[in-house]
Amino acid sequence: MLRPFLLVPAALLLAACNDQGRLPDEASIAPARGAALFAEGCASCHGADGTGGQGPDLTGITAAAGGTFPRDRVMAQIDGLGRHGNPDAVMPEFGAAGMGNTVIVEENGIGTPVPADLLALANYLETLQR
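In what follows, the accompanying structure is described.

The rules behind the values
Residues numbered from 1 in each chain as written. Predicted model: local features only at pLDDT ≥ 70, side-chain atom pairs only at ≥ 80, totals over all residues. Heavy atoms only, no water. Helix = DSSP H or I, 4+ residues; strand = E, 2+ residues; numbered from the N terminus. Contact = heavy atoms within 4.5 Å. Areas by Shrake-Rupley, 256 points an atom, 1.4 Å probe, with all protein chains shown as cover. Core = buried A, V, L, I, M, F, W, Y, C linked by side-chain atoms within 4.5 Å. Buried < 20%, exposed > 50% of the residue type's maximum accessible area, 1.4 Å probe, protein only. Salt bridge = Lys/Arg side-chain N within 4 Å of Asp/Glu carboxyl O. Arc of directions from axis to C-beta. Axes fitted to C-alpha atoms, helices over the stretch in contact; angles between N-to-C directions. Parallel < 35°, antiparallel > 145°, perpendicular 65-115°, else oblique. Left-handed = near helix turned anticlockwise from the far one by under 90°. Nonpolar A, V, L, I, M, F, W, Y, C, P; charged D, E, K, R; others polar.

Here's the deal with the overall build of the protein
Tallying secondary structure elements over the protein gives 6 helices and 2 strands in all. Intrachain contacts of the protein at a sequence separation of at least 6 include 48% that bridge at least 24 residues. When the accessible surface of the protein is split by element, carbon and sulfur atoms take 60% of a total near 8200 Å².

So this is what it looks like as structure tokens:
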């Protein structure tokens, strides 16, 4: 039997995942939004077209992963949680600064809140793959 008093905390938790309780619209997770974010925060190291420079070439991620774009791994790398506090890390920990409202991404029937800017960047990087 579902207990109604348990629904209130769940609803509050979901609302807290979103700035002001609003979900991002499609434009906020679109590759075009990701391109703008990439130009602003990534191109200085990875090149304007993602082919590298100070940072590595990002156009071969899918090929290196056996032909499937590894979205979750890419988002984890951008977020930087694995680099947290590592003084030798070269790439910034972008997730520490916040990456916008969250959107629920469903995979295998499980919904996970993901920052919209993080998803937009991953969606853009997927378009760069050769």
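What follows continues from the structure just given.
Considerations on the nonpolar core
Ranked by size, the top nonpolar core spans 24 residues in total, and within it Phe38, Val74, Ile78, Leu119, Leu121 and Leu125 carry the most contacts. Contributing elements (two or more residues each) for this core: α2 (31-41), α5 (71-79), β1 (102-107) and α6 (116-127). The element best represented in this core is α6, accounting for 8 residues. Setting aside residues up to four positions removed in sequence, Leu119 forms contacts with Ile29, Arg71, Met75, Val103, Val105 and Val114.

Some details on the pattern of salt bridges
The final tally for this structure, using the stated rule, is 4 salt bridges. Here Asp117 ties to Arg33 by a salt bridge, and the two come within 3.2 Å at their closest N and O atoms. You can see Asp117 sitting in helix α6 and its partner Arg33 sitting in helix α2, a full 84 residues away along the chain. Close ionic contact of Arg71 with Asp72 constitutes a salt bridge, the shortest N to O distance being 3.8 Å. Here Asp72 falls in the partly exposed class, since its relative accessible area comes to 41%. Taken together, the salt bridges that share partners define one network made up of Arg71, Asp72 and Glu107.

Topic: α2
Every buried residue belonging to α2 is among Gly34, Leu37 and Phe38, and all of these are buried. The buried residues of α2 occupy an angular sector of 105° when projected down its axis, which confines them to one face. Projecting away from the buried face of α2 at angles above 90 degrees are the exposed residues Ala32, Ala39 and Glu40. Taken together, the buried residues of α2 touch α3 (43-46) and α6.

Details of the packing of α5 against α6
At their nearest, the axes of α5 and α6 sit 10 Å apart, and the two run at 125° to each other. In terms of their interaxial angle, α5 and α6 are classed as oblique. For the pair α5 and α6, the sense of crossing is right-handed. Residues Arg71, Val74, Met75, Ile78 and Asp79 of α5 touch α6, and the partners they reach there are Leu118, Leu119, Leu121, Ala122 and Leu125. Partitioned by chemical class, the residues of the contact of α5 with α6 number 8 nonpolar, no polar and 2 charged.

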